[in-house]
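# Summary of the model geometry
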Amino acid sequence: MQQKIVIKLSMSCDKRRSKALTLAARAAGVTSMVITGDARDQLEVVGDGVDAVCLVSCLRKKLGHAQIIKIEEVKKPEEKKKDDPKPEPAEPVYLPPYYYPHSYYHHQYQPPHMVVCEEQPSNCMTM
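Here we summarise the structure given alongside this text. (Residues numbered from 1 in each chain as written. Predicted model: local features only at pLDDT ≥ 70, side-chain atom pairs only at ≥ 80, totals over all residues. Heavy atoms only, no water.)

Across the 8 residues of strand β1 (residues 2-9), 6 count as buried, placing the element largely inside the fold. Bridge count between β1 and strand β4 (residues 66-73): 7 bridges; the pairing is antiparallel. Along β4, the bridge assignment pairs Gln3 with Glu73. (Buried < 20%, exposed > 50% of the residue type's maximum accessible area, 1.4 Å probe, protein only. Helix = DSSP H or I, 4+ residues; strand = E, 2+ residues; numbered from the N terminus. Pairing = 2+ DSSP bridges.)

Dropping the structure here:
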């Protein structure tokens, strides 16, 4: 589950901003981070399974004041809407059967093979 975490930091210079980005990049599960806000004082972190409390406590130790503003789930944009009509498949075209012309070669009639069975009486009976 992707989640977006917005953290307000007390960042007064670019050195602290780069340090905040470095600390966020080292956190487990972070996929992207960016500095946002009017005063460039908010850190927006997106990731899968990011521990927000651990991340904020780490930022507090290194940078000072840090506060979680919001945590929300990031939903993936749907590739296609279900309302879009799908084109119907074209009906297959069946060609008429091809008739072969009569052949002029005639098979000669052959009588069936003769099978001869001879029964010889036997004195031994097994059942």
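Two side chains of opposite charge can pair, provided their charged atoms sit close to one another. Tallied over the full model, the rule gives 3 salt bridges. Residue Lys4 pairs with Glu72 through a salt bridge whose shortest N-O separation is 3.2 Å. Separated by 68 residues along the polypeptide, Lys4 in strand β1 and Glu72 in strand β4 bring together distant segments of the chain. In this structure, the salt-bridge partner of Arg17 is Asp14, at a minimum N-O distance of 3.0 Å. (Salt bridge = Lys/Arg side-chain N within 4 Å of Asp/Glu carboxyl O.)

Here we come to unusual backbone geometry. Most peptide bonds take the trans configuration, and most residues that are not glycine carry a negative phi. Of note in the backbone geometry, Arg40 takes a positive phi value of approximately 55° without being a glycine. Topologically, Arg40 is positioned in the loop between β2 (30-36) and β3 (42-48).

Here we take up the environment of Arg60. As for its position among the elements, Arg60 is in helix α2 (residues 52-63). Taking relative accessible area as the criterion, Arg60 reaches 46% and is therefore assigned partly exposed. When sequence neighbours within four positions are dropped, the list of residues in contact with Arg60 reads Ala66 and Gln67. Among the polar contacts made by the side chain of Arg60, one reaches the main-chain carbonyl oxygen of Ala66 at a distance of 2.8 Å. (Contact = heavy atoms within 4.5 Å. Polar contact = N/O pair within 3.5 Å; in protein donor to acceptor, adjacent residues only side chain to side chain.)

A contiguous patch of positive charge, built from Lys15, Arg16, Lys19, Arg26, Lys61 and Lys62, is present on the exposed surface. Of all the secondary-structure elements, those providing two or more residues to the positive patch are α1 (14-26) and α2. Take the positive patch: its biggest share by element is 4 residues, from α1. In this fold, Lys61 is placed in helix α2. (Patch = residues over 30% accessible without salt bridge, like charges linked within 9 Å, V, L, I, M, F, W, Y side chains within 5 Å. Areas by Shrake-Rupley, 256 points an atom, 1.4 Å probe, with all protein chains shown as cover. Lys, Arg positive; Asp, Glu negative; His and termini not counted. Charge placed at Lys NZ, Arg CZ, Asp CG, Glu CD.)

Once that is clear, we can look at the environment of His65. Its location among the elements puts His65 in the loop between α2 and β4. You can call His65 partly exposed: its relative accessible area is 47%. Spatially, the C-alpha atoms of His65 and Ser10 are 5.7 Å apart, while their sequence positions differ by 55 residues. In this view, His65 contacts Lys8, Leu9 and Ser10; residues no more than four positions away in its chain are not counted.

Turning to the nonpolar core, a few remarks are in order. Ile7, Leu9, Leu43, Leu55 and Leu59 are the most contacted members of the largest nonpolar core, which totals 18 residues. When residues of this core are traced back to their parent elements, those giving at least two are β1, α1, β2, β3 and α2. The element contributing the most residues to this core is α2, with 5 residues. Setting aside residues no more than four positions away along its own chain, Leu55 makes contact with Ile7, Leu23, Ala24, Ala27, Val45 and Val50. (Core = buried A, V, L, I, M, F, W, Y, C linked by side-chain atoms within 4.5 Å.)

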